[in-house]
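Residues per chain, in single letters:
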Amino acid sequence: MKTVVTSSPIEAADFIQNGGTVAFPTETVYGLGANVFDATAVAKIFEAKQRPADNPLIAHVANLAQIRELASEVNENARNFIDALFPGPLTLVLPKSDRVPLIATAGLYTIGVRMPRHELAQRFLEACGVPVVAPSANLSGRPSPTTWQAVLEDLDGRIDCILEGEATEIGLESTVVDCSSSVPMLLRQGAISLEELQAVIPETVLYQATDGEAVRSPGLKHKHYSPRASILLVEPGSEISDPRNSAYLGLGRPDGDFKKALLCTSIEIYAHVVFEFFRECDRESIDAIYCEIVPESGIGAALMDRLRRAAER
Ligand code: AMP
Ligand code: MG
């Protein structure tokens, strides 16, 4: 299959309407989309990404009316989050409507719903005319793509179209909150922090899987965000004994002669560059990437979550 790269949201939406797959930019990362109501089209996402069938997808909407097509019920907590934080980098897990095929939710009776605030994403979603399910547009397990070139690197010839936009602003995936029961539960950290959620609904809690319990968000158990290089987490100012074919990413200047180093002036910039830095290191066949630990407040919590998962082997 030939992958068309276009900057026209109308041309890209045409592929969605014809049952195809389209990668598109959002404020978080690039997503790989298909018409949520077309089970055959949704299957193409799993195939292209080599994504495990038990990892659910997030549905992206252009407007509030489309949330009603996806969810059988929008409770008061969900309505409050929507009023306060939509559009933005927040996914709400809601009970799914009968129209949503089970392949999109990996067999769950809930669906993740998000309204991006990214202007090109909004124009694309409006032109599609249907909600678009989209996980990150990378091969499963690889770092999420924050540029259209990173999408092409993983998925050229495997998807119908890439909607070309700028590098994504935030660089980490959306915050996921389960609103399907009475107490909202933060399942995945993102740019919207626990503190911001609690400012809307004070009862919101951080979900922590306990041993033996079925994982509430199946995607959390899969290997994630990993470059080929190994990731090592280090305290600021740590001395690294043999940095020869290694890279350093963090806020402070490292002690040692690294092949490659990127110093970020803020945690937001660290989050914005981390996945592309991982990919660059792979292109340069670097063996190890030392990543500086950051304080876990604001987007620092989401960044540390991704770094820890990337460091798991
Ligand atoms: P991705 O967009 O590739 O980061 O994948 C979407 C992630 O959102 C999944 O891996 C899950 O962690 C989460 N997610 C999506 N839908 C649901 C759902 N219905 N229930 C719980 N978590 C979900
Ligand atoms: Mg992903």
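Since the model is a prediction, treat every value here as computed from it, not as a measurement.

Give me the overall build of the protein chain: which residues, what numbers.
Scanning the protein chain from N- to C-terminus turns up nine helices and 15 strands. Its C-alpha atoms give the protein chain a radius of gyration of 19 Å, near enough to 20 Å, the size a compact globule of 313 residues would have. Counting over 313 residues, the protein chain shows a buried share of 58%. Expressed as a percentage of contacts within the protein chain between residues at least 6 apart in sequence, the contacts between residues at least 24 apart total 68%. Entry remark: accessible area of the protein chain is about 13,100 Å², with carbon and sulfur atoms responsible for 49%. Looking at the protein chain, you have 28 positive and 42 negative side-chain charges, and the mean spots of the two groups are 4 Å apart.

So, the sheet that holds strand β1 (residues 4-6): which residues are in play, and what are the values?
As summarised here, the arrangement of the eleven strands in space is β1-β8-β2-β3-β7-β4-β6-β5-β9-β10-β11, forming an open sheet in which the pairing is mixed. With one partner strand each, in any of the chains shown, β1 and β11 (205-206) form the two edges of the open sheet. Where strand β5 (residues 90-95) and strand β9 (residues 175-178) come together, four bridges link them in parallel fashion. The residue bridging Thr-91 from the neighbouring strand is Val-176, located in β9. Where helix α4 (residues 76-85) meets the sheet, it contacts β5 and β9, and its direction lies at approximately 155° from that of β5. Across the sheet, helix α5 (residues 119-128) touches β2 (22-24), β4 (58-60), β7 (132-133) and β8 (161-163), and the angle it forms with β2 is around 150°.

So what about the site of ligand 1? Which residues, and what values?
As a structural note, the neighbourhood of ligand 1 is formed by 18 residues, with Arg-51, Asn-55, Thr-110, Arg-188 and Ser-217 the closest of them. Interatomic distance of 3.0 Å between a side-chain N/O atom of Arg-51 and an oxygen atom of ligand 1. In the environment of ligand 1, an oxygen atom lies 2.5 Å from a nitrogen or oxygen atom belonging to the side chain of Arg-188. Coverage of ligand 1 by the protein chains reaches 96% of its 490 Å² of free accessible surface. Elements with a minimum of two residues in the shell around ligand 1: β6 (110-114) and β10 (185-188). The leading source of residues in the shell around ligand 1 is β6, at three residues. By residue class, the composition of the shell around ligand 1 is nine nonpolar, six polar and three charged.

Let's hear about the sheet that holds strand β12 (residues 230-234): which residues, and what values?
Spatially, four strands are ordered β12-β15-β13-β14 in an open sheet, and the strand pairing comes out parallel. Taken across any chain shown, the strands that pair with only one partner, and hence form the sheet edges, are β12 and β14 (260-263). Sheet twist, expressed as the average angle between the axes of neighbouring strands with direction ignored, equals 15°. Inspection of the sheet shows β12 paired to strand β15 (residues 288-292) by five bridges, in the parallel sense. Bridge assignment links Ile-231 to a residue of β15, and that residue is Ile-289. Helix α8 (residues 267-283) contacts β12, β13 (246-250), β14 and β15 of the sheet and is inclined by roughly 170° relative to β13. Contacts from helix α9 (residues 299-311) reach β12 and β15 within the one sheet, and its direction differs from that of β12 by about 130°.

How would you explain α5 if you had to name every residue and give the values?
Listed in full, the buried residues belonging to α5 are Leu-120, Ala-121, Phe-124, Leu-125 and Cys-128. Mapping the buried residues of α5 onto a view down its axis gives an arc of 130°, with all of them on the same face. Turned more than 90 degrees away from the buried face of α5 sit Glu-119 and Glu-126, all of them exposed. Close packing links the buried residues of α5 with α1 (9-17), β2, β4, β7 and β8. Trailing α5 by a residue or two, Gly-129 shows a phi angle of about 75°, which is positive.

Kindly report on the side chain of Thr-175, identifying the contributing residues and their values.
Relative to the assigned elements, Thr-175 resides in strand β9. Note on Thr-175: relative accessible area 0%, which makes it buried. From its side chain, Thr-175 meets the backbone oxygen of Ile-192 in a polar contact 2.8 Å long. Once residues within four sequence positions are removed from consideration, Thr-175 is found in contact with Pro-89, Leu-90, Thr-91, Leu-186, Arg-188, Gln-189, Gly-190, Ala-191, Ile-192 and Leu-197.

Describe unusual backbone geometry, with residues and values.
Cis geometry is found at the peptide bond from Phe-86 to Pro-87, where omega equals -10°. Here Pro-87 lies in the loop between α4 and β5. Although it is not a glycine, Gln-50 adopts a positive phi angle of roughly 55°. By the element assignment, Gln-50 lies in the loop between α2 (39-49) and β4. Judged by its relative accessible area of 54%, Gln-50 falls in the exposed class.

I'd like a description of helix α6 (residues 148-155), backed by residues and values.
Among the residues of α6, those classed as buried are Trp-148, Ala-150, Val-151, Asp-154 and Leu-155. An end-on view of α6 places all buried positions within 155° of arc, on one side of the element. The inward-facing, buried residues of α6 abut β1, β2, β3 (31-35), α2, β8 and α8.

Explain the nonpolar core to me, using residue names and the numbers behind them.
Core analysis: the largest hydrophobic core is formed by 61 residues, its most contacted members being Leu-70, Phe-81, Leu-90, Leu-92 and Phe-124. Those residues in contact with Leu-90 that sit more than four places away from it in its chain are Phe-81, Leu-85, Val-113, Arg-114, Ser-174, Thr-175, Val-177, Ile-192 and Leu-197.

Conventions used here
Residues numbered from 1 in each chain as written. Chains lettered and ligands numbered in written order. Predicted model: local features only at pLDDT ≥ 70, side-chain atom pairs only at ≥ 80, totals over all residues. Heavy atoms only, no water. Helix = DSSP H or I, 4+ residues; strand = E, 2+ residues; numbered from the N terminus. Rg over C-alpha atoms; globule rule 2.2 N^0.38 Å. Buried < 20%, exposed > 50% of the residue type's maximum accessible area, 1.4 Å probe, protein only. Contact = heavy atoms within 4.5 Å. Areas by Shrake-Rupley, 256 points an atom, 1.4 Å probe, with all protein chains shown as cover. Lys, Arg positive; Asp, Glu negative; His and termini not counted. Charge placed at Lys NZ, Arg CZ, Asp CG, Glu CD. Pairing = 2+ DSSP bridges. Axes fitted to C-alpha atoms, helices over the stretch in contact; angles between N-to-C directions. Near = heavy atom within 4 Å. Polar contact = N/O pair within 3.5 Å; in protein donor to acceptor, adjacent residues only side chain to side chain. Nonpolar A, V, L, I, M, F, W, Y, C, P; charged D, E, K, R; others polar. Arc of directions from axis to C-beta. Core = buried A, V, L, I, M, F, W, Y, C linked by side-chain atoms within 4.5 Å.

Keep in mind that these numbers describe shape and distance, not what the molecule does.
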